[in-house]
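A closer look at the structure
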Amino acid sequence: MGNIKEILISEDQIKNRIFDLAKEIEKDYDDEILMIGILKGSTLFMADLIRNIDKTVYMEFMQVSSYEGTESTGKINIKKDIEVDLTGKDVLVVEDIIDTGNTLGYLVENLRSRGAKSVEIVTLLSKPERRLKEIDCKYIGFEIEDKFVVGFGMDYNQRYRNLSYIGIYDNSEENI
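Residues numbered from 1 in each chain as written. Predicted model: local features only at pLDDT ≥ 70, side-chain atom pairs only at ≥ 80, totals over all residues. Heavy atoms only, no water.

You'll find the protein entered in an unreviewed UniProt entry as Hypoxanthine phosphoribosyltransferase, with Peptoniphilus asaccharolyticus DSM 20463 given as the organism. Under Subcellular location (unreviewed entry), UniProt gives the following word-for-word description of the protein: "Cytoplasm". What UniProt states about the protein under its Sequence similarities (unreviewed entry) heading is, verbatim, "Belongs to the purine/pyrimidine phosphoribosyltransferase family." (UniProt positions renumbered as here; feature names shortened; annotations may be inferred.)

**So, the sheet that holds strand E1 (residues 4-9)**
Two orientations exist for strands paired in a sheet by backbone hydrogen bonds: parallel and antiparallel. Ordered by their spatial adjacency, 3 strands build an open sheet running E1-E9-E8, and the pairing between neighbours is antiparallel. Across the chains shown, the open sheet's two edge strands, defined by having one partner strand only, are E1 and strand E8 (149-150). For E8 and strand E9 (residues 166-169), the ladder comprises 2 bridges, and the chain directions are antiparallel. Paired with Val149 across the strands is Ile168, a residue of E9. (Pairing = 2+ DSSP bridges. Helix = DSSP H or I, 4+ residues; strand = E, 2+ residues; numbered from the N terminus.)

**Here we look at the pattern of salt bridges**
A complete count under the given rule lists 11 salt bridges for this structure. Taking the shortest distance from any N to any O, the salt bridge between Glu109 and Arg112 comes out at 3.3 Å. Of this pair, Glu109 and Arg112 both sit in helix H3 (residues 102-112), 3 residues apart, which is roughly one turn of that helix. For Arg112, a relative accessible area of 42% gives the class partly exposed. In this structure, Asp146 and Lys127 form a salt bridge, with 4.0 Å as the shortest nitrogen-oxygen distance. Here Asp146, found in the loop between strand E7 (139-143) and E8, pairs with Lys127, found in the loop between strand E6 (118-126) and E7; they are 19 residues apart in sequence, far enough to count as distant. A single salt-bridge network, built from bridges that share partners, covers Asp99, Lys127, Arg130 and Asp146. (Salt bridge = Lys/Arg side-chain N within 4 Å of Asp/Glu carboxyl O. Buried < 20%, exposed > 50% of the residue type's maximum accessible area, 1.4 Å probe, protein only.)

**As for unusual backbone geometry**
Cis geometry marks the peptide bond from Leu39 to Lys40; its omega dihedral reads 0°. Its place among the elements puts Lys40 in the loop between strand E2 (32-39) and helix H2 (43-51). One non-glycine residue, Gln158, lies in the positive phi region at around 75°. Structurally, Gln158 can be placed in the loop between E8 and E9.

**Regarding the environment of Tyr169**
By the secondary structure assignment, Tyr169 is in strand E9. Given the relative accessible area of 3%, Tyr169 is considered buried. C-alpha of Tyr169 to C-alpha of Ile7: the two residues are 162 residues apart in sequence and 9.3 Å apart in space.

The following block contains the structure:
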């Protein structure tokens, strides 16, 4: 499909890993979980994750950005915030990918400052090579190399989110 140079993680691999993550999460939480999905990339991951968790799960969404095209700008911008009180709640931040860690580091501190009982992270993908800020991520789907990936909710300029797999994006023919 267009600029996808290879499939990195297949649909079946994603499905199986999400099931395993859901069971890990189920074991770690007593009753209720407030999941905060980071828009837009985490939506498919969060939907599949929730369907596999046999607990009460509340959903909220935030839109936080530091990217333009394929590069992080380093400036963190909350475009959409949650509207619920976090006091005393177990919060699980659902992220599509952890790259530099700057955005997520800021976000976790922000949520903790609002009185959450706990704040943990679940991410579908992690790129440890790119990490600039150390992030304590409790649940990781897959660790990947430093490649720009799309699919399963992740995009390049709003394209490729609808892919059922995760592919490596080839930007060699573009001026980025």
